[in-house]
Each structure stands twice: as C-alpha cells, then as structure tokens.
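Results of the structural survey
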Amino acid sequence: QRPLVIVLDGLDHMTGKSDRYLGWLPDKYPPGTALLASCTESKLSDGVCQQHLKKRKSDFSLTIKTMDQALTKTLMNKYLHLYGKKVDKGQQGILLKSKYTRQPLFLITLLNEVRVFDNFSKVTERLEDLLNVMDPKMHPVSKLFEKVLIRIEEDYEEYSKGITMCVASAIHVSKTGLTEDEIKDLVLEQAHMKGGMILAGANFDVNLFRRLFLRLQTFLMSDTFNRYRFKNEFFSLAVAHRYEVSKDKRDSFKNTVKIHKVCANFFQKTTDTKRKAEELPYHLYEIASKTSR
C-alpha cells in the first residue's frame, strides 16, 4: 500500500468556533497515514486552533518563522520569473531592506502588485508606497491590502464609483459567502437603483464587474457550493477599515448597517428559498441588533 498524506490548510478559517477546538480531529491514524495541518498564529485570530494543536501530545508541531534575506531573495526571483517579470538591482535592494518582505504573505502580495502594475517608469515609486505600511491601528499586511484596494478603485471606478466597496463589503458581511452570480446580480441592482451604492447610471457595463471580480479572485476562496469568502483575516480587516464595515459586534462602523440592508433587500427578492433562509434572517438580525443600541 502507498502512504497517504492528508493536508488540511487554514484550520482557523472554519466558521464555527466549536469546530476550531478540533474535537473532530482523530488522535490516531491508520498505518501509513499522516496528517499535515496548518493555521494562522497571530494577534488577529482567536488562537483556538493553535492552542489545541499544541496540546496534542501525539503530534509534532512547528512554528514557521519569518524568512531570512537569502530565502526572501530566492522567493522573490522565482515568483517574478513565473510571470516573465523581474526587478532591477535598486528595486531588489529596496525589497530586501524592508523587514516586512520577510513575511511570505506580505512579499507575495507586494510582488503580485508589481507584476500587474502597468507603468514601468514608476515601479520604484509604487514599491516605496506599498512598503510604507506603518500604521498603529493596522497590521502591516492589512495596511498593504488596503493600498491594494485603493489601487483597484483607481483602475475600475472611473465610470462606476463604489463598485469595489459594494463587492468587497457584501462578501465581507455575508453569513455563508456569496456566489459569483449573486455578487453580479447585487452589483447590477445597486448600479441601476436610484441612490444605490454604485454611481453608474443606465450605462453600467457588466463586463466591468467581470474584470473586477477576476482581479479580486487573488484574495478570494470558494467552498463546495461555489460561495466566495476572503482567503485570510488580513484582507478582511483591510476591507473593514477601508469601507467602515465590520462583522465584529464590538465595532460600530457607519456603513455596516447600510450594507446589511443592501444584502437583506437582495435576498428578500431571491427565488432561491434555501439561500433566502440562510442569509435573510441573519442580515435582518444584524440590522436590528445594531440599530437598537
């Protein structure tokens, strides 16, 4: 028999806190079977997964630390080579000098922005701006993601102001995630509605949404029902900070109720009774609980 390795990546993404206690994870495995599991260990997560993984005496745990300069340089060059891109020595020096690029997620996010940046003469200027992430209120990775959101707005909102906020906020506050068709229909509704979130008028081009959604897919993951949520908590916090919308009951961002009302109105009209039952009561509850304070 061939050995079997089961990989469970991102245990901290499980939506139910009881699931993150890992009581469902077996203590013993059949001969020839191994389990490789990962979770984020940061101040942003509730810490449940890593605490319970470390308590499992039968398992070996490893904390992945930040990269050294040599590994950072190797990852940088290999990633850019995949897309036929490269940076000059001066730009490479800027990247290697920063302490933030020692974090793989930060580095890959930054390199991806360099890869899609279309003004070659201003790459150095763009790099320096992306690396300027000092903010006492935000984690550096979240601050970087916020800068990415600003750039996306500049690229896609010339004729449809508010579309990025509409898409990102709706995904953020959804209970179970949203399908691409649901996001598209919600965007069309807001673009054609008087006083809607998107200022586009009758000339709204649905292909703009498709291009925007393709751009955002780097930061999204889908489940078995093809419902999209954000891949990591850092991007979620960037969306919350940029658009003043949050799922955290302790926060009182001004746009939270507004986007819940948009979603509630959308699911009130849907003919999919299952989706209506999943999403509508949740949004109505959130509206009531936040407006009764």
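Residues numbered from 1 in each chain as written. Predicted model: local features only at pLDDT ≥ 70, side-chain atom pairs only at ≥ 80, totals over all residues. Heavy atoms only, no water.

This paragraph deals with the packing of aromatic side chains. The relative placement of two aromatic rings is captured by the distance of their centres and the angle of their planes. For the structure on display, the rule yields nine aromatic pairs. Arranged with centres 5.1 Å apart and planes meeting at 90 degrees, the rings of Phe-213 and Tyr-228 form a pair that is edge-to-face. Placement of Phe-213 in helix 9 (residues 206-216) and of Tyr-228 in strand 4 (residues 228-230) is noted, with a sequence separation of 15 residues between them. Centroid distance Phe-219 to Phe-235: 4.6 Å. Interplanar angle 10 degrees. Geometry classified as stacked. One end of the pair, Phe-219, is in the loop between helix 9 and strand 3 (220-222); the other, Phe-235, is in helix 10 (residues 233-243), with 16 residues separating them in the sequence. With respect to burial, Phe-219 and Phe-235 carry one shared label: buried. Looking at Arg-115, its charged tip hangs above the ring of Tyr-83, at a distance of 4.0 Å from the centre. Over the face of the ring belonging to Phe-225 we find Arg-227, whose NZ or CZ atom lies 4.7 Å from the ring centre. (Phe/Tyr/Trp six-rings, centres within 6.5 Å; stacked < 30°, edge-to-face > 60°. Helix = DSSP H or I, 4+ residues; strand = E, 2+ residues; numbered from the N terminus. Buried < 20%, exposed > 50% of the residue type's maximum accessible area, 1.4 Å probe, protein only. Lys NZ or Arg CZ within 6 Å of the ring centre and 35° of its normal.)

What follows covers helix 8 (residues 180-192). The end-to-end C-alpha distance of helix 8, which contains 13 residues, comes to 18 Å, matching closely the 18 Å that a straight helix rising 1.5 Å per residue would cover. Every buried residue belonging to helix 8 is among Glu-182, Ile-183, Leu-186, Val-187, Glu-189, Gln-190 and Ala-191, and all of these are buried. Check the buried side of helix 8 and you find it contacts helix 7 (163-173), helix 9, helix 11 (256-269) and helix 12 (273-291). (Expected span 1.5 Å × (residues − 1). Contact = heavy atoms within 4.5 Å.)

For the pair helix 6 (residues 140-156) and helix 9, interaxial distance at closest approach is 11 Å and the crossing angle is 160 degrees. Taken together, the axes of helix 6 and helix 9 are roughly antiparallel relative to one another. Regarding helix 6 and helix 9, the two cross each other, and that crossing is right-handed. Facing Val-148, Ile-152 and Tyr-156 of helix 6, the residues of helix 9 in contact are Leu-208, Arg-211, Leu-212, Arg-215 and Leu-216. Of the residues in the contact of helix 6 with helix 9, the class split is six nonpolar, no polar and two charged. (Axes fitted to C-alpha atoms, helices over the stretch in contact; angles between N-to-C directions. Parallel < 35°, antiparallel > 145°, perpendicular 65-115°, else oblique. Left-handed = near helix turned anticlockwise from the far one by under 90°. Nonpolar A, V, L, I, M, F, W, Y, C, P; charged D, E, K, R; others polar.)

Turning our attention to helix 7. A large share of helix 7 lies buried, amounting to eleven of its eleven residues. Three or more residues of helix 7 are buried, namely Ile-163, Thr-164, Met-165, Cys-166, Val-167, Ala-168, Ser-169, Ala-170, Ile-171, His-172 and Val-173.

Our next topic: the packing of helix 4 (residues 104-116) against helix 6. Interhelical geometry of helix 4 versus helix 6 gives an angle of 15 degrees and a closest axis separation of 10 Å. When the axis of helix 4 is compared with that of helix 6, the two are roughly parallel. Note that helix 4 runs across helix 6; the crossing there is left-handed. Mapping the contact onto sequence places Leu-105, Phe-106, Thr-109, Leu-110 and Glu-113 in helix 4 and Pro-140, Val-141, Leu-144, Phe-145, Val-148 and Arg-151 in helix 6.

What follows deals with the environment of Phe-230. On the secondary structure map, Phe-230 appears in strand 4. Given a relative accessible area of 8%, Phe-230 falls into the buried group. When the C-alpha positions of Phe-230 and Glu-286 are compared, they lie 20 Å apart, and in sequence the two are 56 residues distant. Setting aside chain neighbours within four positions, we find Phe-230 in contact with His-13, Ala-168, Ile-171, His-172, Phe-219, Leu-220, Met-221, Phe-235, Ser-236 and Val-239.

This paragraph deals with the nonpolar core. Counting residues in each nonpolar core, the largest one holds 66 residues, and the members touching the most others are Leu-110, Ile-163, Val-167 and Val-187. At eight residues, helix 7 tops the list of elements feeding residues into this core. Setting aside chain neighbours within four positions, we find Leu-110 in contact with Leu-95, Leu-127, Leu-130, Leu-131 and Leu-144. One finds Leu-11, Leu-22, Leu-25 and Cys-49 within the second-largest nonpolar core, a separate group that totals five residues. (Core = buried A, V, L, I, M, F, W, Y, C linked by side-chain atoms within 4.5 Å.)

With a phi close to 60 degrees, Asn-226 is a non-glycine residue in the positive phi region. Summarising the element assignment, Asn-226 is placed in the loop between strand 3 and strand 4. Backbone geometry at Glu-244 places phi at a positive 55 degrees, although glycine is not the residue there. In this structure, Glu-244 sits in the loop between helix 10 and helix 11.

Time to look at the pattern of salt bridges. Taken as a whole and assessed by the stated rule, the structure comprises 16 salt bridges. Here Lys-290 and Glu-286 are joined by a salt bridge, their closest N and O atoms 2.6 Å apart. In this pair, Lys-290 and Glu-286 both sit in helix 12, four residues apart, roughly one turn of the helix. A relative accessible area of 13% means that Lys-290 is categorised as buried. Look at Glu-286 and you get buried, because its relative accessible area is 4%. Through salt bridges with shared partners, a single network forms among Glu-113, Arg-126, Asp-129, Lys-147 and Arg-215. (Salt bridge = Lys/Arg side-chain N within 4 Å of Asp/Glu carboxyl O.)

All we've got here are geometric facts, nothing functional implied.
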